[in-house]
Amino acid sequence: MALLQISEPGQSAAPHQHNLAAGIDLGTTNSLVATVRSGLAETLPDNEGHHLLPSIVHYAKDAAPQVGYAAKAQANIDPLNTIASVKRLMGRGLKDVKTTGTRLPYDFVENEDQGMPMIRTVVGDRSPVQISADILNTLKQRAEKTLGGELTGVVITVPAYFDEAQRQATKDAATLAGLNVLRLLNEPTAAAVAYGLDKSAEGVHAIYDLGGGTFDISILRLQRGVFEVMATAGNSALGGDDFDRAIAQWIMQQAGIADDAEHSHIRELLDIARTAKETLSTNESAPLEIRLEEGSVWQGELSNDQFNQLIDPLIQKTIAPCRRTLRDAGLSTDDINEVVMVGGSTRMPRVREKIGDFFKRTPHVDIDPDKVVAIGAAIQADILAGNKPDDDMLLLDVIPLSLGIETMGGLVEKIIPRNTTIPVARGQDFTTFKDGQTAMAIHVVQGERELVMDCRSLARFELRGIPPMVAGAGRIRVSYQVDADGLLSVSAKEETSGVHSQITVKPSYGLQDNEIERMLKESLEYAEEDVATRTLREQQVEADRVINALRAALKADGQVLLKQHEFLEINTALEDLLKVEQGNDADAIKNAIERINDVTQEFAARRMDASIHQAMKGHRLNDFAENE
Ligand code: AMP
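Residues numbered from 1 in each chain as written. Predicted model: local features only at pLDDT ≥ 70, side-chain atom pairs only at ≥ 80, totals over all residues. Heavy atoms only, no water.

Caption draft 1: Structural context of the overall build of the protein chain. Helices and strands together make up the secondary structure of the protein chain, namely 16 helices and 28 strands. Taken across its 628 residues, the protein chain has 48% of its residues classed as buried. Partitioning the intrachain contacts of the protein chain with sequence separation of at least 6 by distance along the chain shows that 66% fall at a separation of at least 24. On the protein chain, roughly 31000 Å² of surface is accessible, and the fraction owed to carbon and sulfur atoms is 47%. (Helix = DSSP H or I, 4+ residues; strand = E, 2+ residues; numbered from the N terminus. Buried < 20%, exposed > 50% of the residue type's maximum accessible area, 1.4 Å probe, protein only. Contact = heavy atoms within 4.5 Å. Areas by Shrake-Rupley, 256 points an atom, 1.4 Å probe, with all protein chains shown as cover.)

Put into structure tokens, the structure is as follows:
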């Protein structure tokens, strides 16, 4: 998805009014809420001073759900009612969840809710959307309590690779929590915004996000004000936990602990490993003390060198996806301007060093890597809520490919051209093609080419119940509306009768960046050919219309209003048009149509007179004057 920087006139608030807005990082493991106060973006702590809210919800009978640390404490006691990592289920079917290898120990209900699996708990079946809403609601309460008022709106971040279903599920969760979503923002974009990278004219940036259990790399490009995600890759099963395991295994070897040690012992070892890892981020070595099962104690030390040897293979595992994203984006490391570090595991100096070496850039690490995404979201929320002067910049999405409609002859009429900033609404009037036409087929397409067959088909629907009228008399208003999250709604309304019909589609669903590129390239390559084809098709459509209208006129009035030689002349012109109509010569069709127009002028005038005469029959001229 591409992002464009523009100023949004008229969005700024009255001088003394400050709209309360917040940025929310709804994470797999932890979530955060941040806001801009006195010009400074900061995350908000709970009563105990915790900024991070573990994304865990515990359900108990006759009690409000517990969220965060309180819920985390229930994980071992009441595992089936303690739901963690719900983000992995958002917008996913049960089949997806099972095949992606996500091991979630919940009691899944076979019935799905909006395509997502439900989880059975003591308070009933809960959907991923409802569970996420409970997390969001906790953050909402926190923000409103701290800020002393109701939030006007929020910006919620989502992974760049989230598809429309996952984005929609996130929005649904927010709505359920009573939040007004100003927009969803890609996590890597939020991190770039937090470092103010959107303020420079252009650049290509790598956002390296290594958390506790997941790794994501995104390449963003800011060009002529457009911020777009060029490529993303990652590993949903690689993170700080793997580093802990590598250290724990090393400790077991050193202390002579058997591989089949008790579960509780392993858990304790992992905690010790994690502490050692975190200590080494600021110290040269970490002391180790392990209680052995036979009651003795093993003491040791993990040096930085030893630690680096253990973790280098894991860091290496993140380099392969970095290479892949560069390849996908058609770039080399030389093209990268800035590198931004996100996620708790990027506190490890070795990670910073190795990733800095790979991209040949010193990474940005000044903002807390756990908070950077929420902070970027808060900065966006502040602008979108209208708390900035008019000339401040706003990141907006642009649609990557034009959205159009199929018209007669298999041609595409573009309604919203590519690179239009969203949200946007555009409309166009169409008319009926045939006498007595009561339905109209609407075919929504995406792409730059002139013919429907060369574009991507997004949706089809029908407008029915149009009152029968002569061709060209119906007024059908077709409106395209793309909201801030890229959802397209198309509606069609017949103006005289008010009948209407509408559909919502997701233009970016399943559309890969390289596909967008291919479609754009082809539109340039075939531009000339396309224009010629378009001209031909337009002439054929016009020919069709003329033939139908003329045949109808001849049938109705030919006998009465035409002399034989006139009838023959018109008929010859009609035959000539029929001969060239299906050919490839647009000029020949055009000439034949012009010839018909010439030879039927007199006939058309006589028909007009006759119909006026008919209409006036039995009236005095004054009747008409009085009616005016
Ligand atoms: P996140 O999912 O972004 O909250 O990242 C959590 C991960 O960051 C866990 O694996 C933590 O052990 C790791 N982490 C947090 N602080 C440090 C630190 N000072 N040094 C190394 N790793 C850390």
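Caption draft 2: Structural detail: the site of the ligand. In the vicinity of the ligand, 14 residues are found, and the nearest of them are Gly212, Lys277, Glu278, Ser281 and Arg347. Backbone polar atom of Ser345 to an oxygen atom of the ligand: 3.2 Å apart, as the coordinates give it. Measuring from an oxygen atom of the ligand, one finds a side-chain N or O atom of Asp370 at 3.0 Å. Contact with the protein chains hides 86% of the accessible area of the ligand, taken as 500 Å² for the molecule alone. If you tally residues by element for the shell around the ligand, the top one is helix H7 (residues 263-279), at three residues. (Near = heavy atom within 4 Å. Polar contact = N/O pair within 3.5 Å; in protein donor to acceptor, adjacent residues only side chain to side chain.)

Caption draft 3: Representation of the sheet that holds strand S24 (residues 439-446) within the structure. Strand order across the open sheet formed by four strands is S22-S21-S24-S25, with antiparallel pairing between neighbours. Taken across any chain shown, the strands that pair with only one partner, and hence form the sheet edges, are strand S22 (411-416) and strand S25 (456-464). Strand after strand, the sheet turns through a mean of 30° between neighbouring axes, direction not considered. By the bridge criterion, eight bridges tie S24 to S25 in an arrangement that is antiparallel. Within S25, the residue paired with Val445 across the bridge is Ser457. (Pairing = 2+ DSSP bridges. Axes fitted to C-alpha atoms, helices over the stretch in contact; angles between N-to-C directions.)

Caption draft 4: Representation of the packing of helix H12 (residues 527-561) against helix H13 (residues 564-581). Running from amino to carboxyl end, H12 crosses H13 at an angle of 160°, the nearest separation of the two axes being 11 Å. When the axes of H12 and H13 are compared, the pair comes out roughly antiparallel. You can see that H12 and H13 cross each other, and the crossing is left-handed. Contacts between H12 and H13 involve Gln540, Ala543, Asp544, Val546, Ile547, Leu550, Arg551, Leu554 and Leu561 from the former and Glu566, Phe567, Ile570, Asn571, Leu574, Leu577, Leu578 and Glu581 from the latter. Residues belonging to the contact of H12 with H13 are distributed by class as follows: 11 nonpolar, two polar and four charged. (Parallel < 35°, antiparallel > 145°, perpendicular 65-115°, else oblique. Left-handed = near helix turned anticlockwise from the far one by under 90°. Nonpolar A, V, L, I, M, F, W, Y, C, P; charged D, E, K, R; others polar.)

Caption draft 5: Representation of the pattern of salt bridges within the structure. Overall, the coordinates contain 31 salt bridges when judged by the stated rule. With a shortest N-O distance of 2.8 Å, Glu187 and Lys87 are connected by a salt bridge. Residue Glu187 is found in helix H5 (residues 187-194), and its partner Lys87 is found in the loop between strand S8 (82-84) and helix H2 (94-99); the two are separated by 100 residues along the sequence. The exposure class assigned to Glu187 is buried, which follows from its relative accessible area of 10%. Between Arg126 and Asp134 there is a salt bridge whose closest N-O contact spans 2.9 Å. Side by side, Arg126 and Asp134 carry an identical accessibility label, which is buried. Via salt bridges that share partners, Arg347, Asp368, Asp370 and Lys371 belong to a single interconnected network. (Salt bridge = Lys/Arg side-chain N within 4 Å of Asp/Glu carboxyl O.)

Caption draft 6: Local environment of the nonpolar core. With 51 residues, the main nonpolar core has Tyr208, Ile251, Leu302, Val351, Ile355 and Phe359 as its most contacted residues. Broken down by element, this core gets its largest block of residues, nine residues, from helix H8 (residues 304-329). Non-local contacts of Ile355, meaning those with residues more than four positions away in its chain, are made with Tyr208, Ile315, Thr318, Ile319, Val339 and Met341. The next biggest cluster of nonpolar side chains, apart from the first, holds 39 residues, and it includes Val57, Tyr106, Met116 and Leu147. (Core = buried A, V, L, I, M, F, W, Y, C linked by side-chain atoms within 4.5 Å.)

Caption draft 7: Up close: the confidence of the model for the protein chain. Overall, the prediction assigns the protein chain a mean pLDDT of 86, with 86% of residues at 70 or greater. A low-confidence stretch, residues 1-16 stays under pLDDT 50, and its non-local contacts, those more than four residues away or across chains, total 60 contacts. Low confidence marks residues 621-628, where pLDDT is under 50. Its contacts with residues over four positions away, or in another chain, come to four contacts. (pLDDT = per-residue confidence, 0-100.)

Caption draft 8: Representation of the sheet that holds strand S7 (residues 66-67) within the structure. In space, the three strands of this open sheet follow the order S7-S6-S8, with antiparallel pairing throughout. If you trace the sheet from one side to the other, it starts and ends with S7 and S8, each paired once. By the bridge criterion, three bridges tie strand S6 (residues 56-58) to S8 in an arrangement that is antiparallel. Across the sheet, residue Ile56 finds its bridge partner in S8, namely Ala84.

Caption draft 9: Representation of unusual backbone geometry in the model. Despite not being glycine, Asp62 shows a phi value in the positive range, around 55°. Position of Asp62 relative to the elements: it lies in the loop between S6 and S7. For Ser85, which is not glycine, the phi torsion reads 55° and is therefore positive. Relative to the helices and strands, Ser85 resides in the loop between S8 and H2.

Caption draft 10: Representation of the side chain of His58 within the structure. Its location among the elements puts His58 in strand S6. A polar contact is formed between the side chain of His58 and the side chain of Asp78, at a distance of 2.8 Å. Ignoring anything within four residues of it in the chain, the contact list for His58 reads Pro65, Gln66, Ala71, Gln74, Asp78, Asn81 and Thr82.

Caption draft 11: View of the packing of aromatic side chains. A complete count under the given rule lists three aromatic pairs for this structure. Residues Tyr106 and Phe108 carry aromatic rings whose centres are separated by 6.3 Å and whose planes lie at 75° to one another, so their mutual orientation is edge-to-face. When sorted by exposure, Tyr106 lands in the same class as Phe108, which is buried. Here Phe358 and Phe359 contribute two aromatic rings whose centre-to-centre distance is 4.9 Å and whose plane-to-plane angle is 80°, an arrangement assigned as edge-to-face. Side by side, Phe358 and Phe359 carry an identical accessibility label, which is buried. (Phe/Tyr/Trp six-rings, centres within 6.5 Å; stacked < 30°, edge-to-face > 60°.)

Caption draft 12: Up close: helix H9 (residues 349-359). Those residues of H9 lying buried are Arg350, Val351, Ile355, Gly356, Phe358 and Phe359. Note on H9: the residue one or two positions beyond its end, Lys360, has a positive phi of about 60°.

Caption draft 13: Examining helix H6 (residues 240-255) more closely. Counted at 1.5 Å a residue, the expected span for H6 with its 16 residues is 22 Å, and the 23 Å between its end C-alpha atoms agrees. Buried within H6 we find Gly240, Asp242, Phe243, Asp244, Ala246, Ile247, Ala248, Trp250, Ile251, Met252 and Ala255. (Expected span 1.5 Å × (residues − 1).)

Caption draft 14: Summary view of a negative patch on the surface. Among the surface-exposed residues, Asp259, Asp260, Glu262, Glu293 and Glu294 lie close enough to one another that they form a single negatively charged patch. Take Glu262: its relative accessible area is 53%, and that puts it in the exposed class. (Patch = residues over 30% accessible without salt bridge, like charges linked within 9 Å, V, L, I, M, F, W, Y side chains within 5 Å. Lys, Arg positive; Asp, Glu negative; His and termini not counted. Charge placed at Lys NZ, Arg CZ, Asp CG, Glu CD.)

Caption draft 15: The arrangement of the environment of Ala194 in detail. Tracing the backbone through its elements, the reader meets Ala194 in helix H5. Separated by 173 residues in sequence, Ala194 and Ile367 place their C-alpha atoms 8.2 Å apart. Residues in contact with Ala194, not counting those within four places in the same chain, are Ile367, Val372, Ile375, Gly376 and Ile379.

Caption draft 16: How the structure looks around the packing of H5 against helix H10 (residues 372-384). At a closest axis distance of 7 Å, the pairing of H5 and H10 adopts a crossing angle of 75°. In terms of axis orientation, H5 runs roughly perpendicular to H10. Mapping the contact onto sequence places Glu187, Ala190, Ala191, Val193 and Ala194 in H5 and Val372, Val373, Ile375, Gly376, Ala377 and Ile379 in H10. Looking at side-chain class alone, the contact of H5 with H10 contains nine nonpolar, one polar and one charged residues.

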